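# A look at the structure
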Amino acid sequence: MSQPVTNTAGPGRPRDAEVDRKALRAAIELYAELGWAKFTLDAVARRAGIGKAAIYRRWPTRERLVAAALEQALVLPVIAVDTGTLREDLRGLAHAMMAYYLGPHGLAGLRLHVEARAYPELFAELAAGIRSMRVLEARAIIRRAIDRGELGRNASPTLIVDTLVGGLLNHVLATPEELRPEMAAQSEQYVEDVTAFVLTAAIAIYPPA
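In what follows, the accompanying structure is described. (Residues numbered from 1 in each chain as written. Predicted model: local features only at pLDDT ≥ 70, side-chain atom pairs only at ≥ 80, totals over all residues. Heavy atoms only, no water.)

To continue, consider the overall build of the protein. Scanning the protein for helices and strands turns up 10 helices and 2 strands. Ordered by position from the N terminus, the helices and strands of the protein form the series β-β-α-α-α-α-α-α-α-α-α-α. A burial count over the protein gives 40% of its 209 residues as buried. In the protein, once contacts between residues fewer than 6 apart in sequence are set aside, the share between residues at least 24 apart is 68%. Summed over all atoms, the accessible surface of the protein reaches about 11100 Å², with 57% contributed by carbon and sulfur. (Helix = DSSP H or I, 4+ residues; strand = E, 2+ residues; numbered from the N terminus. Buried < 20%, exposed > 50% of the residue type's maximum accessible area, 1.4 Å probe, protein only. Contact = heavy atoms within 4.5 Å. Areas by Shrake-Rupley, 256 points an atom, 1.4 Å probe, with all protein chains shown as cover.)

Pasting the structure below:
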């Protein structure tokens, strides 16, 4: 889907980083709000407050622009937590994931994984890459805990991580729109509660030998 994005607009014309920043921010916002079907370069130009010519010089097609925006917004925030204890690793993972789901890029990330099925030729590779990185990082937390003797050798990284991250995601998605401000305000405590629940269950089900 994505193609290399050059750092200059042409010979002798340095690329304006501020224009890039505005365009990519507008692109990720519009993709999150509207989805691929209604995503246009003209709409990005209007949202960013920059000329259409500046958009078209940098990204001649909407495919290239949305690829650049998604890669910048979603590939970089890989969750890497290694505190030395399972409790703190799970807390770090949970807080990072909740901040992501509630943040400006959370909806875009969720939409990407849905539209990877609807438009596999455009989004499948990018979605798979992001999913793979995050899953590997999260499951590594459980494998390190097993190696340290905090969990039994039969502990399932998949089940533990899915329970923790899936619980957070379900909480965000199941909250009605009118209650989202209250949910966001209480999210720190919810993260702590879910983490404690998952940790207690994991140790009970997979006790150290």
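Following the structure, the description resumes.
Among the structural elements, Arg58 can be located in helix α3 (residues 52–58). Reaching out from Arg58, the side chain makes a polar contact with the backbone oxygen of Ala54 at a distance of 3.1 Å. (Polar contact = N/O pair within 3.5 Å; in protein donor to acceptor, adjacent residues only side chain to side chain.)

Let's shift gears to the layout of surface pockets. Estimated volume of the largest pocket: approximately 460 Å³. In this structure, the largest pocket is lined by 19 residues; those nearest its centre are Met97, Tyr101, Arg134, Val135 and Val165. Mapped onto the lining of the largest pocket, the elements with two or more residues apiece are α5 (86–102), α6 (106–118), α7 (120–148) and α8 (157–174). Of the residues forming the lining of the largest pocket, the biggest block, 6 residues, is contributed by α7. Of the residues that constitute the lining of the largest pocket, the class distribution is 12 nonpolar, 3 polar and 4 charged. Looking at the second largest pocket, its volume works out to about 160 Å³. Around the second largest pocket, the lining residues are Glu29, Ala32, Glu33, Tyr101, Leu102, Gly103, Pro104, Leu107, Leu110, Val172, Leu173 and Arg180. For the lining of the second largest pocket, the secondary structure elements donating two or more residues are α1 (17–34), α5, α6 and α8. (1 Å grid on protein atoms, 1.4 Å probe; cavity = no way out; pocket = protein on both sides within 12 Å on 5 of 7 lines; lining within 4 Å. Points joined across faces, edges and corners; volume = space filled by probe spheres on them. Nonpolar A, V, L, I, M, F, W, Y, C, P; charged D, E, K, R; others polar.)

On to the packing of aromatic side chains, then. This model, assessed by the stated rule, comprises 5 aromatic pairs. Considering the side-chain rings of Trp36 and Phe123, the 5.6 Å spacing of their centres and the 85° angle between planes classify their relative orientation as edge-to-face. Taken together, the residues span a long stretch of sequence, with Trp36 in the loop between α1 and α2 (41–48) and Phe123 in helix α7 at a distance of 87 residues. Between Tyr119 and Phe123, the ring centres sit 6.3 Å apart and the planes meet at 75°, which makes this aromatic pair edge-to-face. Positioned over the ring face of Tyr100 is Arg134, at 4.5 Å from the centre of the ring. (Phe/Tyr/Trp six-rings, centres within 6.5 Å; stacked < 30°, edge-to-face > 60°. Lys NZ or Arg CZ within 6 Å of the ring centre and 35° of its normal.)

Summed over the entire model, instances satisfying the criterion amount to 10 salt bridges. Here the salt bridges share partners, and the residues they tie into one network are Glu29, Glu33 and Arg47. (Salt bridge = Lys/Arg side-chain N within 4 Å of Asp/Glu carboxyl O.)

Another point: the packing of α5 against helix α10 (residues 187–205). The interhelical angle for the contact between α5 and α10, taken along N-to-C directions, is 140°, at an axis separation of 9 Å. Compared by their axis directions, α5 and α10 come out oblique. As α5 packs across α10, the resulting crossing turns out to be right-handed. Along its contact with α5, which presents Leu86, Arg87, Leu90, Arg91, Ala94, His95, Met98 and Leu102, the element α10 presents Ser187, Glu188, Tyr190, Val191, Glu192, Thr195 and Leu199. In terms of residue class, the contact of α5 with α10 is made up of 8 nonpolar, 3 polar and 4 charged. (Axes fitted to C-alpha atoms, helices over the stretch in contact; angles between N-to-C directions. Parallel < 35°, antiparallel > 145°, perpendicular 65-115°, else oblique. Left-handed = near helix turned anticlockwise from the far one by under 90°.)

Attention shifts here to the environment of Pro104. Within the fold, Pro104 resides in the loop between α5 and α6. Distance from Pro104 to Glu29, taken between C-alpha atoms, is 7.6 Å for residues 75 residues apart in sequence.

Once that is clear, we can look at α8. With 18 residues, α8 should cover 26 Å at 1.5 Å per step; its first-to-last C-alpha distance of 25 Å lies within 8% of that length. Considering only its buried residues, α8 is in contact with α5, α7, α9 (180–185) and α10. (Expected span 1.5 Å × (residues − 1).)

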